[in-house]
Amino acid sequence: MQNDIVTQSPLSNRPESQISSALSTKPAETAPIHLPVIDPTSNPEILVFNLNDIKQLRNKYHILGILIGTLQQYPQQNIFLSVPLKLNIYEVLWLVQYQYAVLIDQLAYRNAKLKKQEEQFQGKVKNDSLTEKNIMVVENCDPNYDAKLAESFEISIELYLSRYFRNSSGKSLARFINHYKYYKYLQNCGFYINPGLKFGGDLVIYPGDPLRYHSYSMVKFDVVDMYDIIVGGRLATSVKKNLILMELKGEETIDDSQVSVDDKFLKQLFDDDDELVCFSIEWAGFG
């Protein structure tokens, strides 16, 4: 059945995206979350250590991310992980587009905060995040977080994407734009979204928090090969899911010869006027 995944979204009253400087100019209802970029020059990864921000991302915006830290009492395990929470590129773009979050140069902020403390206490303050062996230790919730100072080190989405593409050689520009549009469509429908590699798809969607609900759909992007459709449908049914195929109707041809994060690229990336086509497939009596 075509377009059968539309559901009532708890975020349906969010401000509409307006392409003016590529992003919505209408401010969010609450203060945006600060997403720390660990090192914008060489490692543009988003790692969230603040537990309050992680709770808000999950409960309010349905952003799951991936926990990559280990628990102190279980250092050799990979089931129950701890902070930090790593966000993927599509989650970051969605949060920034709707002004639910801003990007902060975490390295520059911490250096500036340390310098400010040293000036305030006449050089008697040391970097309390470094142990004797120069291992960085960060509290889950910084009680002395200086939001005003952090906002002075806000990173533009243009700079973040430029660094991202510099560290992602061989990525197709057209595919990147299309995949973000697919992700945004599902996110705006109110689904919780996880990577779908272990189920043979691109994404796995949940009707509610995965801690309370099972997934019932596996999503694949831009499938044109009949063999992939058959294999994907049978695999999805065997794990008690249906397969959802997504593509853009009348998609525009994009030049992949050069990746340039300019106004034209951002307009194509954040444009909400594209029409998506969705089909669901389920093998009856199989699995």
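All values reported here derive from a predicted model rather than from experimental measurement. (Residues numbered from 1 in each chain as written. Predicted model: local features only at pLDDT ≥ 70, side-chain atom pairs only at ≥ 80, totals over all residues. Heavy atoms only, no water.)

### A closer look at the sheet that holds strand β10 (residues 242–248)
Next, step 1: Ordered by their spatial adjacency, five strands build an open sheet running β7-β8-β9-β10-β11, and the pairing between neighbours is mixed. Two strands lie at the open edges of the sheet, namely β7 (192–195) and β11 (276–281), each paired on one side alone. Along the sheet, successive strands turn relative to each other by an average axial angle of 30°, direction set aside.
Next, step 2: Pairing between strand β8 (residues 203–206) and strand β9 (residues 217–221): three bridges, direction antiparallel. (Pairing = 2+ DSSP bridges. Helix = DSSP H or I, 4+ residues; strand = E, 2+ residues; numbered from the N terminus. Axes fitted to C-alpha atoms, helices over the stretch in contact; angles between N-to-C directions.)

### Some details on the packing of helix α6 (residues 173–188) against helix α8 (residues 263–270)
Two packed helices can be described by the angle between their axes and the distance between those axes.
Next, step 1: The interhelical angle for the contact between α6 and α8, taken along N-to-C directions, is 35°, at an axis separation of 9 Å. Of the residues in α8, those in contact with L173, F176, I177, Y180, K181 and K184 of α6 are F265, Q268, L269 and F270. (Contact = heavy atoms within 4.5 Å.)

### Quick notes on the pattern of salt bridges
Next, step 1: Applying the stated criterion across every chain yields a total of six salt bridges.
Next, step 2: With a closest N to O distance of 2.7 Å, D274 and K181 form a salt bridge. Taken together, the residues D274 in the loop between α8 and β11 and K181 in helix α6 connect sequence positions 93 residues apart.
Next, step 3: The salt bridge partner of E275 is K249, with a shortest N-O separation of 3.2 Å. A residue pair is termed long-range when its members are at least 10 positions apart, and E275 in the loop between α8 and β11 and K249 in the loop between β10 and α8 qualify at 26 residues. (Salt bridge = Lys/Arg side-chain N within 4 Å of Asp/Glu carboxyl O.)

### Considerations on the sheet that holds strand β6 (residues 154–155)
Next, step 1: If you trace the six strands from one edge of the open sheet to the other, you get β3-β4-β2-β1-β5-β6, paired in mixed fashion. In this open sheet, the two edge strands, each paired with only one partner strand, are β3 (66–69) and β6.
Next, step 2: The pairing of strand β2 (residues 43–48) with strand β4 (residues 82–87) spans three bridges and is classified as antiparallel. Bridging across to β4, L47 finds its partner in K86.
Next, step 3: Against the sheet, helix α2 (residues 89–97) engages β1 (33–39), β2, β4 and β5 (101–105), with an angle of about 75° to β4.

### Some points on the UniProt feature "active site" (unreviewed entry) in the protein
Next, step 1: The residues that UniProt annotates with the feature "active site" (unreviewed entry) are Y206, H214 and K241. A maximum C-alpha distance of 10.8 Å among these annotated residues, which run over 36 residues, shows that they cluster at one spot.
Next, step 2: Within the fold, H214 resides in the loop between β8 and β9.
Next, step 3: The exposure class of H214 is exposed, given its relative accessible area of 74%. (UniProt positions renumbered as here; feature names shortened; annotations may be inferred. Buried < 20%, exposed > 50% of the residue type's maximum accessible area, 1.4 Å probe, protein only.)

### Things to note about the environment of K116
Next, step 1: Here K116 shows up in helix α3 (residues 106–120).
Next, step 2: For K116, a relative accessible area of 44% puts it in the partly exposed group.
Next, step 3: Linking K116 and L149, residues 33 residues apart in sequence, is a C-alpha distance of 9.9 Å.
Next, step 4: Polar contacts involving the side chain of K116 include one to the side chain of D146, which spans 3.0 Å. (Polar contact = N/O pair within 3.5 Å; in protein donor to acceptor, adjacent residues only side chain to side chain.)

### Notes on the nonpolar core
Next, step 1: Core analysis: the largest hydrophobic core is formed by 53 residues, its most contacted members being L87, L95, L103, Y160, L161, F176 and F265.
Next, step 2: Shared between two domains, this core takes at least three residues from each, and those domains are domain 1 (29–169) and domain 2 (170–286).
Next, step 3: The residues contacting Y160, other than those within four sequence positions of it, are V37, P44, I46, I89, V92, L103 and I155.
Next, step 4: Within the second largest apolar cluster, twelve residues are counted, among which are L64, Y192, Y206 and A236. (Core = buried A, V, L, I, M, F, W, Y, C linked by side-chain atoms within 4.5 Å. Domains from an automatic or database assignment.)

### Points about the pairing of β1
Next, step 1: Most of β1 is tucked away, with six of its seven residues classed as buried.
Next, step 2: Note that β1 and β5 share five bridges and pair parallel. Along β5, the bridge assignment pairs V37 with D105.
Next, step 3: Across two bridges, β1 lies against β2 in antiparallel orientation. By the bridge assignment for β2, V37 is matched with I46.

### Some thoughts on unusual backbone geometry
Next, step 1: In this structure, P84 follows V83 across a cis peptide bond, with omega equal to 10°.
Next, step 2: Along the chain, P84 falls in strand β4.
Next, step 3: Positive phi, normally seen in glycine, also occurs at H62, with a value near 65°.
Next, step 4: In this structure H62 comes out as buried when scored by relative accessible area, which is 6%.
Next, step 5: Look at Q99: it is not a glycine, yet its phi comes out positive at around 60°.
Next, step 6: The residue Q99 is located in the loop between α2 and β5 in this model.
Next, step 7: Residue classification places Q99 among the partly exposed residues on the basis of a relative accessible area of 23%.

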